[in-house]
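If you want the building blocks of each chain, they are given just below.
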Amino acid sequence: MQKDVEITTPNFVTAATVAAQLHQILSMGEQLQMTALNAAIISARAGEQGKTFGPLTDGINTLAKNIQTLVLDIDNKSVGFSRKSIMEMNHQRQQEAFNKACNLHGEDGPNHNKISILRDKILTDRNNIQQELLGNLSEMGHLMKEISTSLRPTDYLVANCRIEASHITDFCGAFNDVAEMVASTSKQISENIKKSNSLLIQLQETV
Amino acid sequence: MKDSLLYDNGHKWIVFGRDEDKPEKIIDTNQYMVINGKRAFIMDPGGIEVFPPMLAFVTRHADIDNITDIFASHQDPDIISSLGLWDKAIPNARLHAPWIWEGFIRHFGCDNITYVSIADEGGGIDLDGTKLEFIPAHYLHASGNFNVYDPKAKILMSGDIGAALESAGAPFFVEDFDEHTKKMEYFHRRWMPSNDAKKHWIDRIRKLDIDIMAPQHGRLFKGDDVKRFLDWFEALDVGCANDQEEVRKSA
Ligand SMILES: [Fe+2]
Ligand SMILES: [Fe+2]
């Protein structure tokens, strides 16, 4: 007996894809930290004039660390989601098995009521797991929003960097490079979040 | 799925199998149940696919709450991968299974059912007066493996020993023993690893009074066919996977 099965991507695979995609942000965060380090070296070389870059360097560093923490947090949530999602798949399978048993046993079978109660209990459990899955996704969504929010000050950091750079002729180019690097990394992170978010929405619809 | 009453004298033995609706590539299995009054005991309840008809059929004979015990002769998926489902259906039941497989069998899901380890030397269960013995059959084919013997009904549930690869819809009992050996030979030569273990088991089983030998696949042996099986098995050289000639034949 061959069954026709429509193959759809299981939710736990999509969740892993989201996590893997967000993982790329970790290396972007590292990139930001490298940029901050670079900026600190240039500041030191610029001597007295470079001191104005201190707060900027710190700002970039803090931003990088915050983002990395948030990504790791989402990572954990996604593992939790996957576990629960597999549990939900098992419940679906159990529900099908008990449904089938119920039908085979027949309505006039001596244990029909007891088997239906078992089947209904699995359905209730499955519904509860689905609610938990949705909760899990919305937590992931919040964390992603937090990453976007923490990116907001980068515009200010970049603009400031450019203004300060214009005052120091010797190191103007180097600081502008720093500004450029921060701007482009932050843009990459934003794009990554946007992409991950659309997958998350897709997940919310299939749970 | 079909069911057939094997014994009915104070307590009952029922066999379930020959499931026509099972997916083609899944090996057909026999499941057994002993019922004594308000206690029912299922042996080698089978894989996930066979669970729906099994639950539907066993509960035609016994109340679901009366299924107090199940048994797994060894850890194979065709024996016990349905455990996670039974765990939902009969959460208060006990599973009697080889101690060495506990950590493995639990992978099938065993949150509620109590795992009762069977020691290597064997054990038994008392179903309100009906005593069943767990007879060691190690390495035939699993390294921790048991048969169930009912001295009153004189039935031996022999797990994979005596198994045959049968076509769908075959009768429950062997009718022509010599003909039947063709369906058993490769299975026993390839799945059974040890001549020494085989000899151990045959010596032990020859001391028992057996009317029916009931394997987990294929047909059951009745009367003189039980003795015929033991003689046939004794003469068979098992553990053939490394024999290049055999490997070529099975390829
Ligand atoms: Fe087996
Ligand atoms: Fe088997």
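Residues numbered from 1 in each chain as written. Chains lettered and ligands numbered in written order. Predicted model: local features only at pLDDT ≥ 70, side-chain atom pairs only at ≥ 80, totals over all residues. Heavy atoms only, no water.

### Here we look at helix 5 (residues 177-191) of chain B
Residue and element names in this part refer to chain B. A rise of 1.5 Å per residue sets the reference length of helix 5, with its 15 residues, at 21 Å; its end C-alpha atoms lie 20 Å apart and thus fit the reference within 8%. If you look at helix 5, its biggest bend is around 45 degrees, right at M184. Within helix 5, burial applies to F177, H180, T181, M184, F187, H188 and R189. The backbone nitrogen of D178 has a side-chain oxygen 3.3 Å away, supplied by the residue at the start of helix 5, namely D176. (Helix = DSSP H or I, 4+ residues; strand = E, 2+ residues; numbered from the N terminus. Expected span 1.5 Å × (residues − 1). Bend = angle between axes of the 7 residues up to and from the residue. Buried < 20%, exposed > 50% of the residue type's maximum accessible area, 1.4 Å probe, protein only. Polar contact = N/O pair within 3.5 Å; in protein donor to acceptor, adjacent residues only side chain to side chain.)

### Notes on the nonpolar core
Grouped together as the largest cluster of nonpolar side chains are 44 residues, with contacts concentrated most on L22(A), I25(A), I67(A), I147(A), F175(A) and I189(A). In terms of residues, this core owes the most to one element, helix 1 (residues 11-45) of chain A, which gives 10 residues. Apart from the residues within four sequence positions on either side, I67(A) is in contact with I25(A), I147(A), S150(A), L151(A) and I189(A). Counting residues in each nonpolar core, the second largest holds 42 residues, with A101(A), I115(A), I64(B) and Y115(B) among its members. (Core = buried A, V, L, I, M, F, W, Y, C linked by side-chain atoms within 4.5 Å. Contact = heavy atoms within 4.5 Å.)

### Remarks on the coordination of the iron ion (ligand 1)
Ideal values differ by geometry: the angle at a metal is 109.5 degrees with four tetrahedral donors, but 90 or 180 degrees with six octahedral donors. All names here are of chain B. Those protein atoms acting as donors to the iron ion (ligand 1) are H74 (NE2), D76 (OD), H141 (NE2) and D160 (OD), and they sit at 2.0 to 2.2 Å. Every donor counted, the four donor atoms about the iron ion (ligand 1) form angles of 85 to 169 degrees at the centre, which fits irregular coordination. The distance between the iron ion (ligand 1) and the iron ion (ligand 2) comes to 3.4 Å, and D160 binds to both of them. Of this pair, D76 sits in the loop between strand 5 (67-71) and helix 2 (77-80) while D160 sits in the loop between strand 11 (155-159) and helix 5, and the two are 84 residues apart along the sequence. Exposure class is identical for D76 and D160. Each is buried. (Donors = N, O, S within 2.8 Å, 3.2 Å for Na, K, Ca; no water. Tetrahedral: all angles 85-135°; square planar, octahedral: opposite > 155°, others 65-115°.)

### A word on the interface of chain A and chain B
Each partner contributes to the interface: chain A provides 17 residues, whereas chain B provides 20 residues. Roughly 1600 Å² of surface becomes buried between chain A and chain B when both sides are summed, with 60% attributable to carbon and sulfur atoms. Here chain A is connected to chain B by two salt bridges. A salt bridge links D65(B) to K114(A), with the shortest nitrogen-to-oxygen separation between them at 2.7 Å. Seen at the junction of chain A and chain B, the total is eight residue pairs in polar contact (both at pLDDT 80 or more). (Buried area = accessible area lost by both parts, 1.4 Å probe. Salt bridge = Lys/Arg side-chain N within 4 Å of Asp/Glu carboxyl O.)

### Topic: the coordination of the iron ion (ligand 2)
The iron ion (ligand 2) binds to the protein through D78(B) (OD), D160(B) (OD), Q216(B) (OE1) and H217(B) (NE2), with metal-donor distances spanning 2.1 to 2.3 Å. With four donor atoms in place around the iron ion (ligand 2) and angles of 78 to 167 degrees between them, the coordination shape is irregular.

### Quick look at the sheet that holds strand 3 (residues 31-36) of chain B
Residue and element names in this part refer to chain B. Ordered in space as 1-2-3-4-5-6-7, the seven strands form an open sheet in which the pairing is mixed. Unpaired on one side and paired on the other, strand 1 (2-9) and strand 7 (114-118) mark the two borders of the sheet. Taking each pair of neighbouring strands and ignoring which way they run, the sheet shows an average axis angle of 20 degrees. In this sheet, strand 6 (residues 94-98) lies alongside strand 5 in parallel orientation, the contact comprising three bridges. (Pairing = 2+ DSSP bridges. Axes fitted to C-alpha atoms, helices over the stretch in contact; angles between N-to-C directions.)

### Comments concerning the confidence of the model for chain A
In this model, chain A carries a mean pLDDT of 90, and residues with pLDDT of at least 70 account for 97%. By mean pLDDT, helix 4 (residues 153-167) of chain A is the weakest element of chain A at 86, and helix 3 (residues 112-151) of chain A is the strongest at 96. (pLDDT = per-residue confidence, 0-100.)

### So, the pairing of strand 11 of chain B
Residue and element names in this part refer to chain B. Burial of strand 11 is extensive: five of the five residues sit out of reach of the surface. What you see with strand 11 is no split at all: I155, M157 and G159 on one side and L156 and S158 on the other are buried throughout. Pairing analysis gives three bridges linking strand 10 (residues 146-150) to strand 11, with the strands arranged antiparallel. Across the sheet, the residue bridging to D150 is I155, located in strand 11. Between strand 10 and strand 11, which follow one another and run antiparallel, lie four residues, and K154 among them has a positive phi close to 60 degrees. Here strand 11 pairs with strand 12 (residues 212-215) via four bridges, running parallel.

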